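Summary of structural features
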Amino acid sequence: MSSATHRFQIGPNPPSRLDKALARDVPEALALSRTRLAALLGAGAVRVDGTIASDPKARVAEGAEVEIDLPEAEEVETVPEDIPLQILHEDDDLVVVMKPAGMVVHPAPGTPGGTLVNALLHHFGGDLSGIGGEKRPGIVHRIDKDTSGLLVVAKSDRAHHGLSEQFAAHSVERRYLALAYGVPHTGDPRLKGVRGVSFEPGAVMKITTGLARHKTDRQRQAVYFDGQGRHAITRAKVLEAFGTPPALSLLECRLETGRTHQIRVHMTHAGFGLVGDPVYGGRRKLSPKAVSEAALEAVAAFPRQALHAASLGFDHPVTGEWMEFEADLPEDMSDLLSALGHVR
């Protein structure tokens, strides 16, 4: 079976073990889990500075050149499903789709069907690029199951490589809308003591940390510093505040990097957890004096993290044309904001 070789460098302050350094620095677009990286090491498919590396415990130096051979894509038993899709744009190389909240992107043992991949397999009719060793839609970025919003998906190998390079270079523009507890502002003395939090012109809150899997809870991500975790930057600006005194805020969040759960983890770290977030503590009590009873009930009943991928901009990987797309808030978030007094 033929394979493709992917190259990257080990970044600063690498972990003491090779497998951990690979997991930290391997390009996200390759979608290589720790389990798959371990299998590739065992198969002799990883080279460090030109030498085959098979010991996951080996040490690796900053700047080391890594080559990983990934086998050609194979057919997989993922069933195409006729699930309605909201498509904003489609051409020979890519499609931009609005993913609803509640839809998983990839099939998994607990969710074998009903996913975006199942729907795309039916929509594309089998004409797909491969990623991660399997023949499936060219997913180059993801959003969480209960986050709604825009995704771009490759239909051709050339689009897949071009889009992956843009995401790796952080040149893709991604804007999210989030409803958070509290209102970030430059005069908040508490924020001066939160590591990694600063403000830029225009009252834009910038959060800079490392992000990696939580040490004890494998379902969560956690903030790290001093070279640990993957470098992550989130910027957030208040669009509207709700309550008297202000108790909630509608935030515009922009990603410089795109790590797992990044906005949710960063906002919680700064003290502004998202409403409805079941993993990172989005179930705070609001003062009944701050908002109306109807607003209190709407916030308490919101069933998911109030987060929406509202816009997406990138260079078309084939034509070079700048493309930008926007998706209106889904009905549940729109209704929640209306209950808080937001005018649509």
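Refer to the preceding data block for the structure.
Attention here is on the structure that accompanies the text. In this text the structure is predicted, and so the values were computed from the model without any measurement.

Soluble, globular proteins show a tendency: their nonpolar side chains are buried together. Counting 32 residues, the largest nonpolar core has Tyr176, Met205, Ile263 and Met267 as the members making the most contacts within it. Counting residues per element, the ones that place at least two in this core are β6 (94–99), α3 (116–124), β10 (148–154), β11 (173–181), β13 (204–213), β16 (248–255), α5 (262–270) and β17 (307–315). Looking at this core element by element, the count peaks at 5 residues for α3. Apart from the residues within four sequence positions on either side, methionine 205 is in contact with Pro184, Leu191, Val197, Ser198, Phe199, Thr234, Arg235, Ala236, Met267, Ala270 and Phe272. Counting 21 residues, the second largest nonpolar core, distinct from the first, contains Leu30, Leu40, Ala45 and Ala53.

Before going further, it helps to spend a moment on a positive patch on the surface. A surface patch of like charges, here positive, comprises Lys20, Arg34, Arg213 and Arg218. Structurally, arginine 34 is set in helix α2 (residues 34–42). Relative accessible area serves as the criterion here: at 47%, arginine 34 is assigned to the partly exposed category.

This paragraph deals with a negative patch on the surface. On the surface, a cluster of negative charge is made up of Glu173, Glu324, Glu326 and Asp328. Position of glutamate 173 among the secondary structure elements: in strand β11.

The next subject is the pattern of salt bridges. Between side chains of opposite charge, a pair can form when the charged atoms approach closely. A full pass over the atoms with the stated rule returns 16 salt bridges. Salt-bridge contacts for aspartate 144 lead to arginine 264; the nearest nitrogen and oxygen are separated by 2.8 Å. Here aspartate 144, found in the loop between β9 (138–139) and β10, pairs with arginine 264, found in helix α5; they are 120 residues apart in sequence, far enough to count as distant. The buried category is assigned to arginine 264, whose relative accessible area is 4%. Of the charged contacts in the structure, one is a salt bridge between arginine 235 and glutamate 256, with a shortest N-O distance of 2.7 Å. On the criterion of sequence distance, the pair formed by arginine 235 in strand β15 (residues 230–242) and glutamate 256 in the loop between β16 and α5 is long-range, its members being 21 residues apart. The class of glutamate 256 is partly exposed, set by a relative accessible area of 30%. If you follow the salt bridges from partner to partner, you end up with Arg7, Arg47, Glu67 and Asp69 in one network.

Procedures and definitions
- Residues numbered from 1 in each chain as written.
- Predicted model: local features only at pLDDT ≥ 70, side-chain atom pairs only at ≥ 80, totals over all residues.
- Heavy atoms only, no water.
- Core = buried A, V, L, I, M, F, W, Y, C linked by side-chain atoms within 4.5 Å.
- Buried < 20%, exposed > 50% of the residue type's maximum accessible area, 1.4 Å probe, protein only.
- Helix = DSSP H or I, 4+ residues; strand = E, 2+ residues; numbered from the N terminus.
- Contact = heavy atoms within 4.5 Å.
- Patch = residues over 30% accessible without salt bridge, like charges linked within 9 Å, V, L, I, M, F, W, Y side chains within 5 Å.
- Areas by Shrake-Rupley, 256 points an atom, 1.4 Å probe, with all protein chains shown as cover.
- Salt bridge = Lys/Arg side-chain N within 4 Å of Asp/Glu carboxyl O.
- Lys, Arg positive; Asp, Glu negative; His and termini not counted.
- Charge placed at Lys NZ, Arg CZ, Asp CG, Glu CD.

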